[in-house]
Amino acid sequence: MEIAKKLPEYKFVLIGEGPCRKKINQLIINYALENFFLLGEKNSEEINDICYESDVFLNVSLKEGTPTAILEAVATGLPIVSSNAGGIDKVLGRKNLIFKDFSITGYVNALRELSHNIELRREISMTNLKFSKKFNWKTVANSISSDMSKY
């Protein structure tokens, strides 16, 4: 919420449902945020459409495994601005903007940098699209098949 408040010219959307929805709604009201939208639960096709319409994927989670949402965003070529929860930097590499510590200023600056630097966004996008191809069904199935042939 603090990030959205500092960047009123940006639009923030949150996809999903959960036990924190009422609290998040209240925070939106308390912060008087007109640029933060709760979209609720969406199916895979709707999530892809939203990603394709977006410029950046922002993840501020402090604890995660490997978040599926980030992998979905990478598959659409979105640049990622994220905490390093769950070792995201080891999954995504160094091209995306990954922070070890939660820093509102760091997130704000990263979002501004990506907003103003179209070439950097394109570079990260191309890297993410290339990276995501490693995880398509055919590649994964072939990898599993070749691993199983060792037995």
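Counting starts from 1 at the beginning of each chain's written sequence and moves along it residue by residue. Local features in this predicted model are restricted to residues of pLDDT 70 or higher, and side-chain atom pairs are both shown and tallied only at a pLDDT of 80 or more, whereas totals for entire chains, interfaces and linings draw on every residue. Only hydrogens and water are removed before side-chain values are computed, so all heavy atoms of the structure are retained for them.

Trainee: Please set out a nonpolar patch on the surface residue by residue, giving values where relevant.
Mentor: A cluster of nonpolar side chains, contributed by V13, I15, F37 and L39, occupies part of the molecular surface with about 270 Å² of accessible area. Helix numbers and strand numbers start at the N terminus; a helix is a DSSP run of H or I with at least 4 residues, a strand a run of E with at least 2. Breaking the nonpolar patch down by element, the ones donating at least two residues are β1 (12-15) and β2 (36-40). Inspection of the secondary structure assignment puts F37 in strand β2. To count toward a patch, a residue needs a relative accessible area above 30% and no salt bridge. Like charges then connect within 9 Å, nonpolar side chains (Val, Leu, Ile, Met, Phe, Trp, Tyr) within 5 Å. In this description, accessible areas are obtained by the Shrake-Rupley approach with a 1.4 Å probe, and a residue is regarded as covered only by the protein chains that are shown. What counts as a salt bridge is simple: a side-chain nitrogen of Lys or Arg found within 4 Å of a carboxyl oxygen of Asp or Glu.

Trainee: I'd like a rundown of the layout of surface pockets, residues and numbers included.
Mentor: Each pocket or cavity is described by its volume, and for the largest pocket that value is around 1400 Å³. Taken together, the elements giving at least two residues each to the lining of the largest pocket come down to α1 (2-6), β1, β2, α3 (44-53), β3 (57-59), α4 (68-75) and α6 (104-116). Of the residues assigned to the lining of the largest pocket, the class counts are 25 nonpolar, five polar and seven charged. A cavity, in this analysis, means grid points on a 1 Å lattice covering only the protein atoms where a 1.4 Å probe fits yet has no way out; a pocket is instead an open set bounded by protein on both sides within 12 Å along at least five of seven lines, and a residue lines either one if it has an atom within 4 Å of a point. Grid points are joined across faces, edges and corners, and a volume is the space filled by probe spheres set on the points. Residues were grouped as follows: Ala, Val, Leu, Ile, Met, Phe, Trp, Tyr, Cys and Pro as nonpolar; Asp, Glu, Lys and Arg as charged; and all remaining residues, including Gly, as polar.

Trainee: Outline α6, supporting the account with residue identities and numerical values.
Mentor: One fewer than the residue count of a helix, multiplied by 1.5 Å, yields its expected span. Helix length check: α6, at 13 residues, gives a terminal C-alpha distance of 18 Å against a target of 18 Å (1.5 Å per residue), a fit within 8%. Contacts from the buried residues of α6 go to α1, β1, β3, β4 (80-83), β5 (97-99) and α7 (118-132). Throughout, a residue-residue contact means that at least one pair of heavy atoms, one from each residue, lies within 4.5 Å.

Trainee: Hey, could you go over the nonpolar core for me, with residue numbers and the actual values?
Mentor: Generally speaking, soluble globular proteins have nonpolar side chains that are buried together. By nonpolar core we mean a set of buried residues, namely Ala, Val, Leu, Ile, Met, Phe, Trp, Tyr and Cys, connected to one another through side-chain atoms within 4.5 Å. Each residue gets one of three labels from its accessible area relative to the maximum for its type: buried under 20%, exposed over 50%, partly exposed in between, using a 1.4 Å probe on protein chains only. I3, L7, F12, F36, V81 and L111 are the most contacted members of the largest nonpolar core, which has 19 residues in total. Those elements that provide at least two residues to this core are α1, α2 (21-30), β2, α6 and α7. Sorting elements by how many residues they give to this core places α6 first, with five residues. Those residues in contact with V81 that sit more than four places away from it in its chain are V56, F57, L58, N59, L97, F99, Y107, A110, L111 and L114.

Trainee: An account of the sheet that holds β5 is requested, with residue identities and associated values reported.
Mentor: The three strands are arranged β3-β4-β5 in an open sheet whose pairing can be described as parallel. Because the sheet does not close on itself, it has two edges, and the strands there are β3 and β5. Adjacent strand axes in the sheet meet at a mean angle of 5° when their direction is disregarded. Strands are labelled as partners when DSSP assigns at least two bridges between them. Sheet topology places β4 next to β5; three bridges connect them, and they run parallel. Across the sheet, residue S83 finds its bridge partner in β5, namely F99. Contacting β3, β4 and β5, α6 runs over the sheet at an angle of about 170° to β4. Only the stretch in contact is used when a helix axis is fitted, and all axes are lines through C-alpha atoms; the angle between N-to-C directions ranges over 0 to 180 degrees.

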